[in-house]
Amino acid sequence: MVVWSPFRLNSGREMANRFAMAPLTTDSSREDGTAPDNELEFVRRRAAGGFGAVISSAAYVADDGRSWQGIGAAHDKHLPSLRRLAEAMRAAGSLAILQIYDGGRIAKPELIGEQTMRAPSAVASLRPGAQTPRAMTSDEVESLIASFRDAASRAREAGFDGVEIHGANHYAVHQFFSPRANRRVDRWGGTLTKRMSFPLAVALAVRDALGPKLIAGFRVTPFESEPDGYTLEDSKLLCGALAGLGLDYISVSLDDYRKSRPMREVRLYNGPVEDSTPAVSPIPELARVIAGRCALMASGGIKTCRDAEGAIELGADLVAIGRAVVVDPEWLSKVRSSSEASILAGLPKDEREIAAALSIPPRMVEYLLSRPGWIPRL
Ligand SMILES: Cc1cc2nc3c(=O)[nH]c(=O)nc-3n(C[C@H](O)[C@H](O)[C@H](O)COP(=O)(O)O)c2cc1C
């Protein structure tokens, strides 16, 4: 079966199989951006299944762009924690990839303190209660690109096999590409080509910091379902340009890889109330545009080996697994040994069991349970 076959990335690094553990924020890091033991254990236990690659939760690249209390890659003081994380991720021979992000207009005011929220433009997010950010100066835009580059250098120093740029799910890189969030009229905005400049500049800076032998990936939201958002045609141009930069993979963030339903800015954990988006996956079109120049990773709703094969049949090379491995840390071992009938289909009813039985940090348990409908329950 293709899903168990190895895959060689452009950098020459080889994944032992096509499965990646998706980036999964635990919301459980220390205030200083370091990972406590229970966060490392969450990763180590899941990685033990032998994923081709394990992608970390998103690490912030700048203090004033934090959207939750997660890991940091913003300072050299983060290096020891990043080293421990890389070790936990590769405990079973997986490639270890650090995801890096900036929150832009969806940074969390409680975390960024006195600093004013800054974003491509002074346009508030659609999230209830969102503050209007301040538009970044040109110097701040350049400095944010440098922060991504420095975070990638730290990933290299900490022993990661590479970096994934979080260009999806409405965080800052996505915001620069979005005509809803980016109303600039300088070299970073105004036309589709200019809105592509920031994501491409970040990708180039990261590729440069890593050198050709480490993995550089980019996660993208394939289109925005919000009114006036960017379209699939727009992101096909972005993905085509990214594929031309010598990246290793482009990861497409979807709720369900079979459907055209990206993560909305205002999240609907119980599924969309009205879903007018077509039930057609964007994966084949993106695969056509990328045309083998780098790998394509699909994610969203993969719960069985058959689901993973389905994504590959649509044109993906790799698949990322999120909620299935949150709920069942041994998910990959069970899939590998054809014991899918024993896969845990949801979090236990008794909340007290969840943290200890599944190695989920208690704060992450709270976070998961506070969004009913997001993670299945038994
Ligand atoms: C608890 C949790 C935390 C997540 N954190 C991140 C993250 O840090 N970065 C990211 O790109 N996606 C994140 N995601 C999205 C997942 O990587 C994945 O794309 C999404 O859950 C859909 O795939 P699934 O159906 O396999 O879960 C998170 C999802 C969950 C459930």
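For the structure, see preceding data.
Nothing here was measured: the structure is a model prediction, and the numbers come from that model.

**Examining the overall build of the protein**
Okay, so step 1: From N to C terminus, the protein includes 13 helices and 13 strands.
Okay, so step 2: Taking 2.2 N^0.38 as the reference for a compact globule, 378 residues should give roughly 21 Å; the C-alpha atoms of the protein span a radius of gyration of 19 Å, in line with that estimate.
Okay, so step 3: Overall, the protein is about 55 × 45 × 45 Å in size when its C-alpha atoms are taken along their principal axes.
Okay, so step 4: By the burial criterion, 59% of the 378 residues in the protein qualify as buried.
Okay, so step 5: The contacts of the protein with a sequence gap of at least 6 include a subset with a gap of at least 24, amounting to 70%.

**Considering the site of the ligand**
Okay, so step 1: In the vicinity of the ligand there are 20 residues, among which Thr 25, Gln 99, Arg 219, Gly 301 and Arg 323 approach most closely.
Okay, so step 2: In this structure, an oxygen atom belonging to the ligand sits 3.2 Å away from a main-chain N or O atom of Ala 58.
Okay, so step 3: Contact between the ligand and Gln 99: a nitrogen atom at 2.8 Å from a side-chain N or O atom of the residue.
Okay, so step 4: Notes on the ligand: free accessible area 610 Å², of which the protein chains cover 95%.
Okay, so step 5: Split by residue class, the shell around the ligand holds ten nonpolar, eight polar and two charged.

**Some remarks on the pairing of strand E6 (residues 95-101)**
Okay, so step 1: Taken across its seven residues, E6 has seven buried, putting it largely inside the fold.
Okay, so step 2: As defined by bridge partners, strand E4 (residues 53-55) adjoins E6 across three bridges and the pair is classed as parallel. Its bridge partner lying in E6, Ala 53 is registered against Leu 95.
Okay, so step 3: Note: strand E5 (residues 59-60) against E6, two bridges, orientation parallel. Across the sheet, the residue bridging to Ala 59 is Ile 100, located in E6.
Okay, so step 4: Where E6 and strand E9 (residues 162-167) come together, four bridges link them in parallel fashion. Directly across from Ile 97, in E9, lies its bridge partner Gly 162.

**Quick look at helix H9 (residues 305-313)**
Okay, so step 1: By the criterion of burial, H9 is predominantly enclosed, with seven of the nine residues buried.
Okay, so step 2: Among the residues of H9, Cys 305, Asp 307, Ala 308, Glu 309, Gly 310, Ala 311 and Ile 312 are the ones counted as buried.
Okay, so step 3: Buried positions along H9 lie against strand E3 (19-21), helix H8 (283-290), strand E12 (295-299), strand E13 (318-321) and helix H11 (331-336).

Rules used throughout
Residues numbered from 1 in each chain as written. Predicted model: local features only at pLDDT ≥ 70, side-chain atom pairs only at ≥ 80, totals over all residues. Heavy atoms only, no water. Helix = DSSP H or I, 4+ residues; strand = E, 2+ residues; numbered from the N terminus. Rg over C-alpha atoms; globule rule 2.2 N^0.38 Å. Buried < 20%, exposed > 50% of the residue type's maximum accessible area, 1.4 Å probe, protein only. Contact = heavy atoms within 4.5 Å. Near = heavy atom within 4 Å. Polar contact = N/O pair within 3.5 Å; in protein donor to acceptor, adjacent residues only side chain to side chain. Areas by Shrake-Rupley, 256 points an atom, 1.4 Å probe, with all protein chains shown as cover. Nonpolar A, V, L, I, M, F, W, Y, C, P; charged D, E, K, R; others polar. Pairing = 2+ DSSP bridges.

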